[in-house]
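Residues per chain are reported as follows:
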Amino acid sequence: MKELLSETICRVADATITLMRAEYENQHPEIYRWDWQPGVGLYGLVRAYELTGESRFIEYSQHYVDRLLDADQVSYSINGSMLFEIVLKLYEHRGEDRYRTELRYFLRWLLRSAARCQNGCFEHSWTETDIHLIDQVWIDTLFMAGIVLADAYRLLGRDDCRAEVVAQFAAHRACLQDPGTGLFRHLHDGRTNGHMAGAYWGRGNGWMAASTVDVLEAIETGDPAHKPIIESFRQQMNAARALQEPDGAFHTVLDDPDTYLEMSATAALGYAALKGVRLGVLGDEFRQVGEKATHAVLAHIKPDGIVDRVSGGTSGFITYEAYNEIPISPRLYGQALAILLLAEHLRLRG
């Protein structure tokens, strides 16, 4: 099983590089793109490198980032923040000062200048500067911008980054987590104090759960100040566990069995379950949640390494019914989340 998982991780990672080149190097105007989808794709590649030691995965990540830095194609947004996590990882693994310099500039923007909602959450922003999501909180913010804050604390000793990510988790819980179910809504609109369609979106809950375990690993679980994050995570994962299908998959709207089964949600929630067990914040019963999710994802990986049954980009502005109409297609985040899940499964096996 170990050999199968390791080989599959490499196959999915190689397919990720192929997708990256096709979508962001060979197609104008996407040839220079500092955005979340390539950022998440590279996050998967870096994690594949850290587990397997295969240098081509970190080398491609460095190639992608360096070409943007060399062309001065850096931009600041909440969604684009994930690419600065790759900058941090490159500094960690390569030690080049240019990465630390870029990271310092970004953290100054994020902590001092990034727009905030009335409740203190980062206002969700896209790379597209003509789109203004005023006073809106989105569920994927903590994956895109929270992990890099936590890792800045871990790697650089930035206490201000740790304090900020803890505060962001508290503010996001307050407006997105349903106290009755424990699941998270897709977005919160501060102007209406509403949640638009209010769906418990599968991948969105996956973003939240995966960001929680990655942040907790970086800022450590023993600090009493982090207990509310852990309790919120346990509540969410208990709710998700009850909604997992017998084959290990999750629906694109978690609590709606009439919506299709979706692999990016399955991978992210399975990853969070396994890593939560390893970190000691979830009971051993969640190992089965992660193992079942692993088998579901493995069943949807094609021979060429493409992860199937992944939903396309999903806006928070759509109707409830539209969640079930999002087309299925290969996506970088589906690749990356599958890598995270398979790598964590392999790590638990020693």
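Quick look at the structure, then. (Residues numbered from 1 in each chain as written. Predicted model: local features only at pLDDT ≥ 70, side-chain atom pairs only at ≥ 80, totals over all residues. Heavy atoms only, no water.)

Right, let's talk about the overall build of the protein for a bit. When helices and strands are counted, the protein shows twelve helices and four strands. In summary, the protein has a C-alpha radius of gyration of 18 Å against a globular reference of 20 Å for 350 residues, a match within 12%. The principal-axis extent of the C-alpha atoms belonging to the protein is close to 50 × 50 × 40 Å. Across the 350 residues that make up the protein, the buried fraction comes to 58%. Across the protein, the fraction of contacts at a sequence separation of at least 24, relative to all contacts at a separation of at least 6, is 72%. Taking the average location of the 34 positive side-chain charges in the protein and that of its 48 negative ones, the two points are 4 Å from each other. (Helix = DSSP H or I, 4+ residues; strand = E, 2+ residues; numbered from the N terminus. Rg over C-alpha atoms; globule rule 2.2 N^0.38 Å. Buried < 20%, exposed > 50% of the residue type's maximum accessible area, 1.4 Å probe, protein only. Contact = heavy atoms within 4.5 Å. Lys, Arg positive; Asp, Glu negative; His and termini not counted. Charge placed at Lys NZ, Arg CZ, Asp CG, Glu CD.)

Quick look at unusual backbone geometry now. In this model, E220 sits at a positive phi of 75 degrees, which is unusual for a non-glycine residue. Of note, E220 is situated in the loop between α8 (202-219) and α9 (227-243).

Ranked by size, the top nonpolar core spans 120 residues in total, and within it V40, L42, V65, F143, W207 and M237 carry the most contacts. If you tally residues by element for this core, the top one is helix α12 (residues 332-348), at eleven residues. Among all residues touching L42, those that are not within four sequence positions of it are M20, Y60, S61, Y64, V65, L83 and I86. (Core = buried A, V, L, I, M, F, W, Y, C linked by side-chain atoms within 4.5 Å.)

Looking at where T259 falls in the secondary structure, it is placed in the loop between β3 (250-251) and β4 (261-262). Exposure remark for T259: the relative accessible area of 7% places this residue in the buried category.

Let's shift gears to the packing of aromatic side chains. Under the counting rule described, the total for this entry stands at 13 aromatic pairs. With 5.7 Å between their ring centres and 85 degrees between their planes, W126 and W138 make a pair best called edge-to-face. In this pair, W126 sits in the loop between α5 (97-112) and β1 (136-138) while W138 sits in strand β1, placing the two residues twelve residues apart along the sequence. Residue W138 is classed as buried on the basis of its relative accessible area of 3%. These aromatic residues form a ring-pair network of at least three members: W34, Y76, F84, F106 and W109. One cation-aromatic arrangement involves R162 over Y153; the distance from NZ or CZ to the ring centre is 5.8 Å. (Phe/Tyr/Trp six-rings, centres within 6.5 Å; stacked < 30°, edge-to-face > 60°. Lys NZ or Arg CZ within 6 Å of the ring centre and 35° of its normal.)

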